[in-house]
Every structure is written in C-alpha cells, then in structure tokens.
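# Understanding the architecture of this molecule
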Amino acid sequence: MFLEVAGLKRIYTVGKTTVAALDGVDFGVEKGAFVVVLGPSGSGKSTLINIIGGIDRADAGRVVVEGQDIARLDAKGLTEYRRNSVGFVFQFYNLVSSLTAYENVLATAYLSRGSFDAGVILDLVGMSDKKNKFPFELSGGEQQRVAIARAVVKNPKLLLCDEPTGALDYDNAKKVLGLLEKVNRELGTTVLLITHNTAIARMAHVVIRLRSGRVVERVDNPTPIASEQVVW
Amino acid sequence: MIYRIPARIIRRQLGQFIGVITIVAIASFSHSLLTIGVNALEEGYAAFASDYKQETAHFITVHGAPEAKLERKYKVEIEERQVLEVEWEDKALRVFTPTQHVNLACALAGKSVPSRGEILLDPLFAKANGYALGDSFRIGNRTYKVAGFIYMPDYIYITRYDQDIINNPLEFGIGLMDKRDMVWHSTEPYRYYVIGGPLSDVRGFKEDLEACGLVSFVEKKENPRITTTEMKLAGTKAVITPITLMMTLISSFLTFTVLGRLINSLRVEIGTLMALGYRRGEIARTFLYIPLFIWIVGASLGTAMGFLLTKPFVQLYVEYFNIPLVAPVFPTRQLLEAFFLPGIFIFSGSLFALRELFAKEPLALLRGSEGNSGSSAAYFLQLDGLSFPKRVMLRHGLSRMWRNLVLVVGVACSTFLLIYGFTAERTLQGMVNQTFSSTFNYDYMYVLSSNQRGKKFPSAEGFNLRTLYDSNGRNVVLYGIQKGSNMVSLRNLDGLAPDLSGIALAKPLAAKLKAAKGDVIELNDKLNDKPIRFRVSDVVELRIGNYAFIDLEEFNRVFELPRGSYRGLFSPTELRIDESLVFMRQDKAYIASTFENMMAPVKQSLAVISAISLMLALSIANVLSTLSLNENRRTIGILKIFGFRDGEIVFMTLGFERICFYIGMLLGIPLFNRLVNLLMASVAEQSDFALEFEADPVGILWAFGVLAVLYHVVQRLLRNRVYRMSGAELLKERTD
C-alpha cells in the first residue's frame, strides 16, 4: 500500500466549541492511482489533504506514505517529507507573487534531486510563452497551470490537489484536469484530488466520499474515463 | 531561486521601505551626530590637556622656590613662568613667557613659541579685537608682530579674575611673549610656578613652600579657568546624551516593531515556501535579506550623514568651549555604535517575528491573511451604541494595541523633544530676563579691593560677597545685601519679601543642596576653608545661579567684619571710582548677553534634535499607517465594493492611529514637564548654573501646530493612496 490512512482525527476548537473536522478516517491507496475525494463543504476534505500533505497535524491516527508514518514526524521531519515526497496544488494557487512563472517552478525544482527541467514542465502545462510573467499578470487558469507545473517539476511521489479547478472556468478547469491526468499517466505520479464536483470522479481510479469527517463510501473504478470526456 | 524574493518585495513596496529606512537612518544619524560631536569634544579636551601638559596646580611665592629639590621630592615637574599684565584703554592682556614642560601653548595658526619681537594671542581675543597674523600689536611704545594664535591648557576659559563668571574676549585676553621682551615695559612682570604631573601630597608640598613665603596655591580642581570648561562640557554632555539615547532607542524600538510586522505581513509567502518543502533555515536566510538591506542602507546613510555633519557641529562647540582639536578624532566607537545599534533591533525584531511564524504550521500561515494580526479580545467588545464606522475603527485599533502604544510613545517623545526645542530658547531668555532685569536692578557691580564704610556714592548700595562651597565642592555665591535693598529685589516662593535673617537660597540652589526653609546647612569659606553653619531662612524665586542671600549686617557678623562695612557696590549708573580701588567690575547687560551666548551651542543642539524628532514623529506615523493600509488591503477592497467613501475607509482603518497620534502629542506635555527638569537637574549637578524649565504655552502651540500640519499632510497622502486603490484589484490580490 502506497498510502494508508487509519483512524485519522482532527479536532478544531473555536472558543468553547469543538468541531471534529476528521472523525476517524480510514482508507488506502496503491501507488500510481488517481484518487478523487468528494464531499460537501465542511466534510473534512481540505483537512484530510492538508494532513496528508504535511502542512497540518492530526490529533490521532496514522498516515503512512511508503511505509513512513508522517503523523509521527516532527516539524523537521515533515519539512523533509514535503520537500522530497509531496507536490501541492492549492485552490488559490499560492504562487510566490514576487517570482515569475518560471522562477516559481524553478524554486521548487531546486528542492529535489530528481527534478524535471523547469522549462520542459512549463512547456508541458502550456505556459512557456508566459514564463517571465509575474502571477498578477496571469489569469486564474494560467496561475493554476503554473501551480501544477510547480508541484510536478520536482517529480513528487504524491501530488495533492486541493480543489484545483474550484476557482476556474470550464475551459481552464478542463485543461487543468488534462494536465493532472497526464502527470498521473505519463509520470506515474499518485494523484489525490479533492473536489465537490462529482463529474470529476469519473476519471479517478478510486473515489472516496467524505461526510462530517468520516468516509461514507469508497468506490474503486477500474475503467476511468479520459479527462476530455468529463463534462459538467 | 528564492533569493530573488527580498529584492522584489522591496521594489514592490518601495514607499514603505523608504519610510522604514528613514527611521533607521534617523536612529543612526542622531546617534552619530550628537554623540560624535560631544565625544569628539570630550576626547579633544582630554587630548589637549594631556598632550599639552595641563598643570596640576600653580603657586606664587614671595621668594624663589627650590624647583629642583621639590621636583625630586614629589616627582613632579615645576616650571617658572613670568607674567606681564598690560592694560590700555578698557582692555587688558595677560602675557606669559613660554614654558617647555607644563602648560604648553597649542597653535591654532602660526607659531606656538614666540621669538623676540613677536607676540602670540589667544584666538578669541584676536577675533574680538580684529587681529590677524602678521598684524602689529602695540604695547606701550613697543610694537610686536602677531606671529600666532594659541590655546593654553590652563587658560581655556579666559577670565581676568578668578571670581569672574563670564569671559569677555573684547576686553581681556592672554598672550605669549619672549622673556627678553618683558623687560621693556613699565609694569613689572611677576613670577609664578606651574606644576605638571600628579601631586599626591599637596599638604606636604604647601608646607615645604611656607619657607619661601607661599602667597597662593591653586590646584587644578580649584582653577575656574579649567573647571568652568570641564563643567560646561559635562553639562552639555548631560543634556545631549540622554536625549540622543532616547531618540536612538525610540527609533530602534520602532524598527523592531515595524520589522516584526513587515516579516509577519509576508506570512503567506513564507507559509507557501514552507508548504513546498523549504527548510526554516533556507527561508530565514532568504527573508533576513530584507532587514539586512534596511539596516545596511539606513544605518550607512544615517551614520555617514551624521559623521559628515559632525564637523560643523564640532566646530561650533570648539569655538564655544575654546578647545583646540589637537589631533583628528576618529570616533570609531561612536560610528560603530551608530551603525550597529539599529541593526541589533532590526535583526532581533525580524528574528522574533520569524520565530513566531516558524512555530506555526504552514497551513496556519497559508490561511492567515488579515485579521489575525491583532488581539482577538477587541472583537468581543460591546460597541452596539456606536455607528458602524466607529465600531470598525475602535475594534481595528484596539486589536492592535501594542503597535498603537509604540505610536503613542514615539509621538509623545517626539513632542517632548519638539517642545524642548521650541521652548528652550524662550525659557532661557525668560530666565535671563527674570534674573537680570526683575531681580538684579543694578546696572553696574563693583567689587572693591578693600572693605569700605560710610556712603560715598549716594546712588549706590553697598553689599558684601563671599564664595563658599559645600561638602561636594559645589560653589555657593553668598551676597550680604541691605535690608529693603532697591538693587536686588528678591521674592520668596509665596511672592513675598524673603526672610534674610539666615540665608535665603535661590530655588535651584536649594534643590541642588537638598535644603529647605528651616534646615541648617554647613558651608565652607573658600578663603580659609573654615566651616560655617547657616540656617536656611527662606528660598527665593531665582532661576539662575548658585546664589544665596543674607542680611548685610548678619553677613558682617558671621564673617567677623566691622558693622556697616561693605566690599562691593551695586549702582544703577557707572561710578567714577579710582581704578586702584576696584578689584572687579561687572556690567550687568554684558553679563546677561554673554550668558545667552553661553547657551548657544545647547540651543543649536536643540534645534538639530527638534528637526530630527519631527522627522521621527512623521516617519513613525507614515510607516505605521502604511503598514496598516497594506495589511488591510482586502478589507479596504471589500469596503470599497460596498460603497464606502474613501474618507470613511481612512477613518475606519487609520482613525484610531490618528487618535493615538494626538494622545501622544498631549502626553508630550507632562512628559516634558517631568523629564526636562530631571535632565536639567543632571546639568545642574555638573555646572554652577541651575536652570528650571516649564512647558511654555507658545512652545507647546508651536510644537503641536507643526506636528499637526505635517501629520495632516501624511494623512492626506494616505487618503490619496486609498483613493487610487481599486476594490476589485485588491480582492484579486488574494489569489496571487
């Protein structure tokens, strides 16, 4: 098992109120899978991906990635995990505003020894003609493509995408899905994508449904459709 | 790659960075300018005293002293000096023979040792009387060539008599002349000895001199021509140092806060890098380039400007103190302090902020954009009775209390310094007027060579005068004045005529001696060191000088003088007294004007301090307001889209800061009243003058007016910036 999540809990406390964002989540994923996590707002999707990505901590449970329980790692260990194993695509892109598109990709390429060429990856996402533009000079779709290039360039074992199409129009969203599919198929990268768009689930090998911090359904899909066929 | 981020951030927010750099530059500038100035002078004086062998003491004997024997016994250097007192018209020149081991002359221009037919003059006398190098100087029927301008380490404060408070270079100066030229003059030169090197057994030395007929023995610490300068130097340092330190600390503390906020405002970028897998060390190294840049640029600019301006500043002091700069003083320590001190605050502020950020999970940083920078307690305040803009303004301001506190403290200190600057001159002028016009009604004061009795000058009023000192060596000038004196109009603290049955102390003197009405104090007679106990019968409202007053007849009784005798005369008009009977003569108008001149360097320093403090106050307001605007861009965007007017948005985001600015201004008044007299007390400890300041309404109005107008300009500029912001653009920035 490439990724194994067991008994994962995350509780937030605001004033006197406690909210269980994750309330015992269990699932496992094989290497090279394209996984879609579905669920309504507040179901715990983002919390799950943030913990798997090592940018947030669990209160209980295990998250084992290639045999390493990242829930037990200290801050330094998590940094190394993020540095060497994970690529992150955020809903709001989170590009470094003072770096150009190319520099944003290069900044991540620097982190890993097995990185791809930043220019090639930008070309892959169709952004080589705008590589010297700063984020504020790019549209939302373009920024997300750069964000994907940035996540992919270091050849991560696990690509985590938090609502990557959530802020995009249909055409741009389709392009982004195509890119993620390409990365998964051609590079063999395990992709975990969270969304509330059920149509996207049809292109996944595994679909996990969350509700109120629990896994309510897991569907394994042996025949995922191509991204071009996804419509909504 | 991420090493490019700091430069790009600085370029993007250049206006804000210029503001922060200005504050750092002010910190370095004020520190370097003022401390270098004061220390250059202090070191200059120390070097002058040591290199030019300032005397340890000097003495006069009736017969020649056994120099070699005494030198061997006390391991000191003794050198004979001849002195010729030359008088013409209303001027007098004291001419010395050059020495080789003690009290060496330092040449400002020309020669330091005169040849035959040459005379060297002190620069103040030469300047006041218009002598240039090469000019002829006539004494009696002989003419000398002015061959140099010299400073003498034992005559730094050049007064004719020991008792003179004020020097008058127009009427009195010193010079050097070859010993062989002295014989030509009708006045007989007299001889005295100067001692160089440490003398541990003064009493033994004096006893050994008794056989030669010791007339006088003056140690360096009793020589007013040396101690007056040392006191003035210490007094100036006592005023300048705490103010400089205060300004440096305020601006440095501000940079600490601002840098903390600035680094904090980059938390999303830092969080992104952390999420991508950058190590904390890599991120810290990258983002510390920002404070490094601010520090290097600000501190270099400030230190360099301070250093460059030091030269004219020091020159001003040099002329005032009459101290030569014998060697170029390179103020390494002060320059390093001026450069590194802000750096310490900048880096500690930045590291503190980075540490705080690193303690959080990347997710917390990625999520936190606005609103979490302040205290959450402010959001639970019940403000239902207020309008929406007022509620927002108060919540926004109260949630950033720490920063607003910095603003209040910074502005209060700047206001204090500004009031000081605007008030000092008028206060000094007022004190001079009060002392020399309202209290001392005479225009001329004569000290006679012997005691007199009877009324020889109907318009004049007799008085007696004695210099005393307390256990700490502080001088007290005691006047014995006539009952109901018309020449000295004293008032006690209740505005009534004071009780002069004991001694009545001038207000600052009473504070200095820590004596109150009814106390008994012990003072020593400077003539014979005899201790005398006095009852303090009153404290009089007089703000300048270490003066004490007593009834003339009581004075005569205490000092065992004949009843009705007097040694001095106060007169509203110039008296025709035989010159041989006059020991000392003082013109009150001249004393008053010279006293004002004496304060010139302090006033100049205050003007510089005021200018710097004004810049500081505005920089604080500008930087903090800009920071507020930048941190609240999203909120401003939302408010703009809602349809709030620019003025309302400025009120909501910056209104609390405006209140804090005005609170700071108001707090400047009590701060002034409290601190300025603490400062002045430390000056009084160092000098024979004790000054008392009070915040003067005109000064306060000026300080407030200038601050308010310039602050209004800053606010206007910020309002224009809000006007130029587009709501949609501001909201879109979140996605960058």
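Parameters and conventions
Residues numbered from 1 in each chain as written. Chains lettered and ligands numbered in written order. Predicted model: local features only at pLDDT ≥ 70, side-chain atom pairs only at ≥ 80, totals over all residues. Helix = DSSP H or I, 4+ residues; strand = E, 2+ residues; numbered from the N terminus. Buried ≥ 20, exposed ≤ 12 C-beta atoms within 10 Å, placed from the backbone. Core = buried A, V, L, I, M, F, W, Y, C linked by C-beta atoms within 7 Å. Contact = placed C-beta atoms within 7 Å. Pairing = 2+ DSSP bridges. Nonpolar A, V, L, I, M, F, W, Y, C, P; charged D, E, K, R; others polar. Axes fitted to C-alpha atoms, helices over the stretch in contact; angles between N-to-C directions. pLDDT = per-residue confidence, 0-100. Expected span 1.5 Å × (residues − 1). Parallel < 35°, antiparallel > 145°, perpendicular 65-115°, else oblique. Left-handed = near helix turned anticlockwise from the far one by under 90°.

### Let's talk about the overall build of chain A
Helices and strands together make up the secondary structure of chain A, namely six helices and 10 strands. Within chain A, buried positions represent 51% of all 232 residues.

### Some thoughts on the overall build of chain B
The helix and strand tally for chain B stands at 22 helices and 19 strands. Burial statistics for chain B: of 736 residues in total, 43% are counted as buried.

### Some points on the nonpolar core
Side chains of nonpolar character tend, in soluble globular proteins, to be buried together. Ranked by size, the top nonpolar core spans 213 residues in total, and within it Val35(A), Val105(A), Ile148(A), Ala149(A), Leu160(A) and Val24(B) carry the most contacts. Broken down by element, this core gets its largest block of residues, 18 residues, from helix 2 (residues 14-51) of chain B. Look past the residues within four positions of Val24(B) in its chain and what remains in contact with it is Thr255(B), Ile294(B), Trp295(B), Gly298(B), Ala299(B), Gly302(B), Pro342(B) and Ile346(B). Core analysis: the next-biggest nonpolar cluster, separate from the first, contains 40 residues, Phe436(B), Phe463(B), Leu468(B) and Leu552(B) among them.

### A closer look at the pairing of strand 14 (residues 503-506) of chain B
Residue and element names in this part refer to chain B. Here strand 14 pairs with strand 16 (residues 531-540) via four bridges, running parallel. Pairing of Leu505 across the sheet is with Val539, part of strand 16. Inspection of the sheet shows strand 14 paired to strand 17 (residues 547-551) by two bridges, in the antiparallel sense. The residue bridging Ala504 from the neighbouring strand is Phe549, located in strand 17.

### Thoughts on the interface of chain A and chain B
With 26 residues of chain A at the contact, the number on the chain B side is 21 residues. Elements with a minimum of two residues in the side of chain A that touches chain B: helix 2 (75-85), helix 3 (101-109) and helix 5 (140-152) of chain A. Looking at which element gives the most residues to the side of chain A that touches chain B, the answer is helix 3 of chain A, with four residues. Within the side of chain A that touches chain B, the residues separate by chemical class into 13 nonpolar, eight polar and five charged.

### Re the sheet that holds strand 1 (residues 3-14) of chain A
All names here are of chain A. Strand order in the open sheet made by the four strands is 2-1-4-5, with antiparallel pairing throughout. Unpaired on one side and paired on the other, strand 2 (17-29) and strand 5 (68-69) mark the two borders of the sheet. Relative to strand 4 (residues 60-65), strand 1 runs antiparallel, the two being bridged by five bridges. Residue pairing across strands places Glu4 opposite Val64, the latter belonging to strand 4. The sheet strands contacting helix 1 (residues 45-52) are strand 1, strand 2 and strand 4, and the helix crosses strand 2 at an angle near 60°.

### Describing the sheet that holds strand 3 (residues 34-38) of chain A
Residues and elements named next belong to chain A. Pairing within the open sheet is mixed, and its six strands lie in the order 6-7-8-3-9-10. Looking at which strands have only one partner, the edges of the open sheet turn out to be strand 6 (86-89) and strand 10 (214-220). The sheet shows a mean angle of 15° between the axes of neighbouring strands, direction not considered. Of the pairings in the sheet, the one linking strand 3 to strand 9 (residues 206-211) comprises four bridges and is parallel in character. Note on strand 9: the bridge partner recorded for Val35 is Val206. Relative to strand 8 (residues 190-195), helix 1 is tilted by about 155°, and along the sheet it contacts strand 3, strand 7 (158-162), strand 8 and strand 9.

### Looking at the environment of Gln715(B)
Here Gln715(B) is to be found in helix 21 (residues 697-724). In this structure Gln715(B) comes out as partly exposed when scored by C-beta crowding, with 18 C-beta atoms within 10 Å.

### Topic: the confidence of the model for chain B
When pLDDT drops low, the exact placement of atoms in the prediction is not to be read closely. All names here are of chain B. Of all residues in chain B, 90% attain a pLDDT of 70 or more, and the chain-wide mean is 82. For chain B, the element scoring lowest by mean pLDDT is helix 22 (residues 727-732), at 63; strand 16 scores highest, at 94. Every residue in residues 369-373 scores below 50 in pLDDT, and together they form nine contacts with partners more than four places removed in sequence or on other chains. In the model output, the complex is listed with pTM 0.70 alongside ipTM 0.84.

### A few points about helix 10 (residues 289-321) of chain B
With 33 residues, helix 10 of chain B extends 45 Å between its outermost C-alpha atoms, agreeing within 8% with the 48 Å of an ideal straight helix rising 1.5 Å per residue. Downstream of helix 10 of chain B by one or two residues, Asn322(B) has phi in the positive range, about 60°.

### Looking at the environment of Pro224(A)
All names here are of chain A. With respect to the helices and strands, the residue Pro224 is situated in the segment after strand 10. Each C-alpha atom, one on Pro224 and one on Arg202, is 5.8 Å from the other, the two residues being 22 residues apart in sequence. Aside from chain neighbours lying at most four places away, what touches Pro224 is Phe34, Arg202, Met203, Ala204 and His205.

### Some points on unusual backbone geometry
Residues and elements named next belong to chain B. In this structure, Lys53 is a non-glycine residue whose phi angle is positive, near 50°. Examined against the element boundaries, Lys53 turns out to sit in the loop between helix 2 and strand 1 (57-61). Given 20 C-beta atoms within 10 Å, Lys53 falls into the buried group. Even without glycine at this site, Lys514 takes up a positive phi of about 55°.

### Some words on the environment of Val76(B)
Here Val76(B) shows up in the loop between helix 3 (67-74) and strand 2 (77-88). Residues in contact with Val76(B), not counting those within four places in the same chain, are Thr56(B), Glu71(B), Ile195(B), Gly196(B), Gly197(B) and Leu199(B).

### Considerations on the pairing of strand 6 of chain A
Consecutive residues of a regular strand have side chains that alternate between opposite faces of the sheet. All names here are of chain A. Across the two faces of strand 6 the burial is the same, with Val86 and Phe88 and Gly87 and Val89 all buried. Two elements, strand 6 and strand 7, share four bridges in a ladder whose sense is parallel. Residue Phe88 lies in a different strand from strand 7, and its bridge partner there is Leu160.

### Re the packing of helix 2 of chain B against helix 7 (residues 224-264) of chain B
Residue and element names in this part refer to chain B. One way to put it is that helix 2 packs onto helix 7 with a least axis distance of 9 Å and a crossing angle of 160°. The orientation of helix 2 with respect to helix 7, classified from their angle, is roughly antiparallel. As for the relative orientation of helix 2 and helix 7, their crossing is left-handed in sense.

### Observations concerning helix 7 of chain B
Because each turn of an α-helix spans 3.6 residues, side chains separated by three or four positions end up pointing in the same direction. Taking 1.5 Å of rise per residue, 41 residues should cover 60 Å, and helix 7 of chain B covers 59 Å from first to last C-alpha, within 8% of that figure. Taking burial as the measure, the 41 residues of helix 7 of chain B include 30 buried ones, the bulk of the element.

### Description of the packing of helix 5 of chain A against helix 6 (residues 170-187) of chain A
Residues and elements named next belong to chain A. Following both chains from N to C, one finds helix 5 and helix 6 inclined at 10°, their axes separated by 9 Å at the closest point. Taken together, the axis directions place helix 5 and helix 6 in an arrangement best described as roughly parallel. Contact with helix 5, carried on its side by Gly140, Gly141, Gln144, Arg145, Ile148 and Val152, involves Asn172, Lys175, Val176, Leu179, Leu180 and Val183 of helix 6 and no other residues of that element. Class assignment for the residues of the contact of helix 5 with helix 6 results in six nonpolar, four polar and two charged.

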